[in-house]
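Survey of secondary and tertiary structure
This is what each chain is made of:
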Amino acid sequence: MKRLAVLGHPVGHSRSPAMQNAALAKLGLGEEWSYEAIDVAPDGFEARVRAMPGEDFVGANVTVPHKAAALSLADESSATARAIGAANTLAFDGGRISAANTDAAGLLNALPTSPAGMQALVLGAGGAARAVVWGLLGEGAEVAVWNRTEERARDLCGELGGEPVAEPDLPSYELIVNSTAVGLGGEDPFAELPIDPAKFGSGQVVVDMAYGSEPTALLRAAEAGGATTIDGLEVLVQQGALSLELWTARKPPLGAMRAAARK
């Protein structure tokens, strides 16, 4: 059995096992491959990863809070992962560990159109934000970054590009991406983020990387204002599909993945 997993802390909420196992079944690999969730704390992450090749694992996804650590322990890494400074996909070949990052491409694939030339606002300055900012800048968007701690936004922009902003003017942005965890625990996004729900409008695209069983409050407000909305599940499907293709060299069945993620 070829094993795959997602590593995170916490990770019990992840839809990746359902999504990836459905994809493996659709590809006819369900008897030979499996995908599971493994909760591992930061102090045990490196040891857990290094043990995986000897336990029939051929790859793993990596989520919060391990993406920077995943890159640092790899024997080799993709140019994209190095540029972003984080990895969300590991592959094991013998004792060697390879790291890649499909987060940026996954976000871009989830957008309805190219962000080239768009004025974009990214909320957050963590590992997910790094991939978002790098991906959007690479496609030719103008990117502003807000973070609750302004210094982190300045540091991110100093490394990757973009402009930090303390008080974003919501209507001036054509693309807004929430890469923070606000909303995952039921928090009021309008109390935590510099967002006035009355200022969303048609012509805007709003992405919330957070996801749950229902649309987030942020996306509900954006939709009510006439914006096009994309939830974290669609981004998860797109980045997960790219990871699956890296591991199996097979074209991922997006429909089966999307249905399982949303079930």
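A brief report on the enclosed structure follows. (Residues numbered from 1 in each chain as written. Predicted model: local features only at pLDDT ≥ 70, side-chain atom pairs only at ≥ 80, totals over all residues. Heavy atoms only, no water.)

**Quick notes on the pattern of salt bridges**
Following the criterion strictly, the structure yields 10 salt bridges and no others. The shortest N-O distance in the salt bridge between Arg3 and Glu36 comes to 3.1 Å. On the criterion of sequence distance, the pair formed by Arg3 in strand β1 (residues 2-8) and Glu36 in strand β2 (residues 33-39) is long-range, its members being 33 residues apart. Relative accessible area serves as the criterion here: at 23%, Arg3 is assigned to the partly exposed category. Residue Glu36 is classed as partly exposed on the basis of its relative accessible area, which comes to 25%. (Salt bridge = Lys/Arg side-chain N within 4 Å of Asp/Glu carboxyl O. Helix = DSSP H or I, 4+ residues; strand = E, 2+ residues; numbered from the N terminus. Buried < 20%, exposed > 50% of the residue type's maximum accessible area, 1.4 Å probe, protein only.)

**As for empty space enclosed by the protein**
Taken as a whole, this structure holds one cavity of 30 Å³ or more when the rule is applied. The computed volume of the largest cavity comes to approximately 30 Å³. Residues belonging to the lining of the largest cavity are distributed by class as follows: five nonpolar, one polar and no charged. (1 Å grid on protein atoms, 1.4 Å probe; cavity = no way out; pocket = protein on both sides within 12 Å on 5 of 7 lines; lining within 4 Å. Points joined across faces, edges and corners; volume = space filled by probe spheres on them. Nonpolar A, V, L, I, M, F, W, Y, C, P; charged D, E, K, R; others polar.)

**Considerations on the layout of surface pockets**
Within this model, the largest pocket holds a volume of roughly 1100 Å³. Along the walls of the largest pocket sit 47 residues, with Thr63, Val64, Lys67, Ala128 and Ser179 positioned nearest its centre. Of all the elements in the fold, those that place two or more residues in the lining of the largest pocket are β3 (57-62), α3 (67-73), α6 (127-138) and α10 (232-248). The residue makeup of the lining of the largest pocket, split by class, is 22 nonpolar, 18 polar and seven charged. Computed from the structure, the second largest pocket encloses a volume of approximately 160 Å³. Lining the second largest pocket we find 14 residues, and of these Gly212, Glu214, Pro215, Asp231 and Arg262 sit closest to its centre. Mapped by element, the contributors of at least two residues to the lining of the second largest pocket are α9 (217-224) and β12 (228-231).

**Focus on the pairing of strand β10 (residues 175-178)**
Side chains Leu175 and Val177 project from β10 onto one buried face, and the interleaved Ile176 and Asn178 project onto a second face that is buried too. Note: strand β7 (residues 119-123) against β10, four bridges, orientation parallel. Across the sheet, residue Leu121 finds its bridge partner in β10, namely Ile176. Where β10 lies against strand β11 (residues 205-208), four bridges are found, and the strand directions are parallel. Counterpart to Ile176 in the pairing with β11 is Val206. (Pairing = 2+ DSSP bridges.)

**Describing the nonpolar core**
Counting 24 residues, the largest nonpolar core has Leu136, Val143, Leu175 and Val207 as the members making the most contacts within it. Elements with a contribution of two residues or more to this core: α5 (103-110), β7, α6, β8 (142-146), α7 (150-160), β10 and β11. Those residues in contact with Val143, other than ones at most four positions away along the chain, are Ala120, Val122, Val133, Leu136, Leu137, Gly162 and Glu163. Formed by 20 residues, the second largest nonpolar core is a distinct cluster that contains Ala5, Val40, Leu71 and Ala87. (Core = buried A, V, L, I, M, F, W, Y, C linked by side-chain atoms within 4.5 Å. Contact = heavy atoms within 4.5 Å.)

**A look at the sheet that holds strand β5 (residues 89-93)**
A sheet is described by the order of its strands in space; here six strands give the open sequence β2-β1-β3-β5-β6-β4, paired in mixed fashion. Here the strands that pair on one side only, and so sit at the sheet edges, are β2 and β4 (76-77). Against the sheet, α10 engages β1, β2, β3, β5 and β6 (96-100), with an angle of about 160 degrees to β3. (Axes fitted to C-alpha atoms, helices over the stretch in contact; angles between N-to-C directions.)

**Thoughts on the side chain of Asp103**
With respect to the helices and strands, Asp103 occurs in helix α5. A distance of 2.6 Å separates polar atoms of two side chains, one belonging to Asp103 and the other to Lys67. Other than its neighbours up to four places away in sequence, Asp103 contacts Lys67, Asn88, Ala131 and Gln239. (Polar contact = N/O pair within 3.5 Å; in protein donor to acceptor, adjacent residues only side chain to side chain.)

**Focus on the packing of helix α1 (residues 16-26) against helix α11 (residues 254-262)**
At a closest axis distance of 8 Å, the pairing of α1 and α11 adopts a crossing angle of 145 degrees. As α1 runs across α11, the sense of the crossing is right-handed. Counting all contacts with α1, which are made through Ala18, Met19, Gln20, Ala22, Ala23 and Lys26, the residues of α11 involved are Ala256, Met257, Ala260 and Ala261. Of the residues assigned to the contact of α1 with α11, the class counts are eight nonpolar, one polar and one charged. (Left-handed = near helix turned anticlockwise from the far one by under 90°.)

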